[in-house]
Amino acid sequence: MPVGEVSQQGSPPLPAELLDKSGFLMVRLGMAFKTRAVQELEAAGLNQHNYSVLALLGEQPRKAQATIAEALGVDPSQLVGILDALEQRGLITRQRDVTDRRRHVVSLTPEGERQLISLRVTIEKLEDELFAPLDAESRKTFHAMLLRLAGYHDPQCQETSR
């Protein structure tokens, strides 16, 4: 079933005025995608914050807790609970920073790496469903435009050399 498909048969079409607005369409598709992604994450016993932390650590293996909170826009006190849950599941470890004993450094465990790989596959599947009507070149172009818009409005989304 497509990401945004509604099970109600015979629903009235949306007004043309709304269908003419790209922002409206982005929000509608985004909400449908988020709903499916949240369901899949919950089925894995995780949430969006858990996935975000794992993804960040997957790219940057050792991060200080304060840096994680800042990068993800999460209150440091809220991050402690997120990290506690991930640590209890054996997905991360926290150790004192040898260069600054006041800080904790967070790393993925081998199980955390396996969970992240599984989540990547799940999210890729959801994206394939969302973008099914587009060919590979259209997907690439669309992503480039989204990245350009996101980078303009949110400095954290500015593309850096990978």
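Attention here is on the structure that accompanies the text. A quick note: this is a predicted structure, and the numbers were derived from the prediction, not measured.

## Some words on helix H5 (residues 76-88)
Step number 1: Between its first and last C-alpha atoms H5 spans 18 Å; for 13 residues at 1.5 Å apiece the expected length is 18 Å, and the two agree.
Step number 2: For H5, the complete set of buried residues consists of Leu 79, Ile 82, Leu 83 and Leu 86. Projected down its long axis, H5 carries its buried residues within an arc of 95 degrees, all on one side. In H5, the exposed residues that point more than 90 degrees away from the buried face are Ser 77 and Gln 88.

## Quick look at the pattern of salt bridges
It is possible for side chains of opposite charge to pair when their charged atoms get near one another.
Step number 1: Taken as a whole and assessed by the stated rule, the structure comprises eight salt bridges.
Step number 2: Linking Asp 100 and Arg 102 is a salt bridge whose minimum nitrogen-to-oxygen distance equals 2.9 Å.
Step number 3: Judged by its relative accessible area of 72%, Arg 102 is exposed.
Step number 4: Residue Glu 111 pairs with Arg 114 through a salt bridge whose shortest N-O separation is 3.1 Å. Residue Glu 111 and its partner Arg 114 are located together in helix H6 (residues 110-130), separated by three residues, close to a single helical turn.
Step number 5: Among the charged side chains, a salt-bridge network with shared partners connects Arg 36, Lys 125 and Glu 129.

## Observations regarding the nonpolar core
Step number 1: If you look at the biggest cluster of nonpolar residues, it comprises 19 residues, and the most contacted ones within it are Val 53, Leu 54, Leu 57, Ile 68, Leu 79, Leu 86 and Ile 92.
Step number 2: Mapped onto this core, the elements with two or more residues apiece are helix H3 (48-59), helix H4 (65-72), H5, strand E3 (100-108) and H6.
Step number 3: Setting aside its immediate chain neighbours within four residues, Leu 57 contacts Lys 63, Ile 68, Ile 92, Val 106, Ser 107 and Leu 108.

Calculation notes
Residues numbered from 1 in each chain as written. Predicted model: local features only at pLDDT ≥ 70, side-chain atom pairs only at ≥ 80, totals over all residues. Heavy atoms only, no water. Helix = DSSP H or I, 4+ residues; strand = E, 2+ residues; numbered from the N terminus. Expected span 1.5 Å × (residues − 1). Buried < 20%, exposed > 50% of the residue type's maximum accessible area, 1.4 Å probe, protein only. Arc of directions from axis to C-beta. Salt bridge = Lys/Arg side-chain N within 4 Å of Asp/Glu carboxyl O. Core = buried A, V, L, I, M, F, W, Y, C linked by side-chain atoms within 4.5 Å. Contact = heavy atoms within 4.5 Å.

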